[in-house]
Amino acid sequence: MADASIKCIPNGPYRVSGPATITDSQGQVVRTIEEGKAVSMCRCGGSTNKPYCDGTHSRIGFEAAEAAVRKAEGQP
Ligand code: FES
């Protein structure tokens with residue numbers, strides 16, 4: 001079985017590839033992503049379909065950090 005992965009799309013969403021489970025703040029499963037499938041999660045804050053991307057990032061000119069920051073030694 002493959003591991004889940006999260007890819008930062010330049011100036012766009014997080015692309016989450018399964019197998020993975022998305023839960024709400026109460027821990028209730030809201031979506032299961034099967035192996036070989038992926039969903040785009042909003043990181044611009046503008047989607048009307050949160051937590052999923054609806055393409056608003058393109059219309060509002062969202063500019064994301066260019067690269068993910070590597071975790072420093074000793075951080076949890
Ligand atoms: S990242 Fe696409 S709508 Fe927010």
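Everything below is about the structure printed above this text.
Let me sum up the structure you'll find in this document. (Residues numbered from 1 in each chain as written. Predicted model: local features only at pLDDT ≥ 70, side-chain atom pairs only at ≥ 80, totals over all residues. Heavy atoms only, no water.)

1. Considerations on the overall build of the chain
Thinking step 1. Within the chain, the secondary structure is distributed over one helix and five strands.
Thinking step 2. Mapped from its N terminus to its C terminus, the chain presents α and β elements in the order β-β-β-β-β-α.
Thinking step 3. Considered along the principal axes of its C-alpha atoms, the chain spans approximately 35 × 35 × 25 Å.
Thinking step 4. The burial tally for the chain puts 22% of its 76 residues in the buried class.
Thinking step 5. When contacts within the chain are restricted to residue pairs at least 6 apart in sequence, those whose partners lie at least 24 apart make up 27%.
Thinking step 6. In the structure as shown, the chain presents an accessible area of about 5,700 Å², 48% of it carried by carbon and sulfur atoms. (Helix = DSSP H or I, 4+ residues; strand = E, 2+ residues; numbered from the N terminus. Buried < 20%, exposed > 50% of the residue type's maximum accessible area, 1.4 Å probe, protein only. Contact = heavy atoms within 4.5 Å. Areas by Shrake-Rupley, 256 points an atom, 1.4 Å probe, with all protein chains shown as cover.)

2. So, the pairing of strand 4 (residues 29-33)
Thinking step 1. Here four bridges tie strand 3 (residues 20-23) to strand 4, and the two strands are oriented antiparallel to one another. Counterpart to T23 in the pairing with strand 4 is V29.
Thinking step 2. Here strand 3 hands over to strand 4 after five residues, with G27 in that stretch at a positive phi of 90°. (Pairing = 2+ DSSP bridges.)

3. Here's the deal with the sheet that holds strand 2 (residues 14-17)
Thinking step 1. Pairing within the open sheet is antiparallel, and its three strands lie in the order 1-2-5. Of all the strands in the sheet, the pair left with one neighbour each is strand 1 (5-8) and strand 5 (38-41). On average, each strand axis in the sheet is tilted by 25° relative to the strand beside it, whichever way the strands run.
Thinking step 2. Taken together, the four bridges between strand 1 and strand 2 define a ladder with antiparallel strand orientation. In the strand pairing of strand 2, I6 is matched with V16. (Axes fitted to C-alpha atoms, helices over the stretch in contact; angles between N-to-C directions.)

4. Comments concerning the environment of Q26
Thinking step 1. Tracing the chain through its elements places Q26 in the loop between strand 3 and strand 4.
Thinking step 2. For Q26, a relative accessible area of 64% puts it in the exposed group.
Thinking step 3. Among the polar contacts listed, one links the side chain of Q26 to the side chain of S25, at a separation of 3.3 Å. (Polar contact = N/O pair within 3.5 Å; in protein donor to acceptor, adjacent residues only side chain to side chain.)

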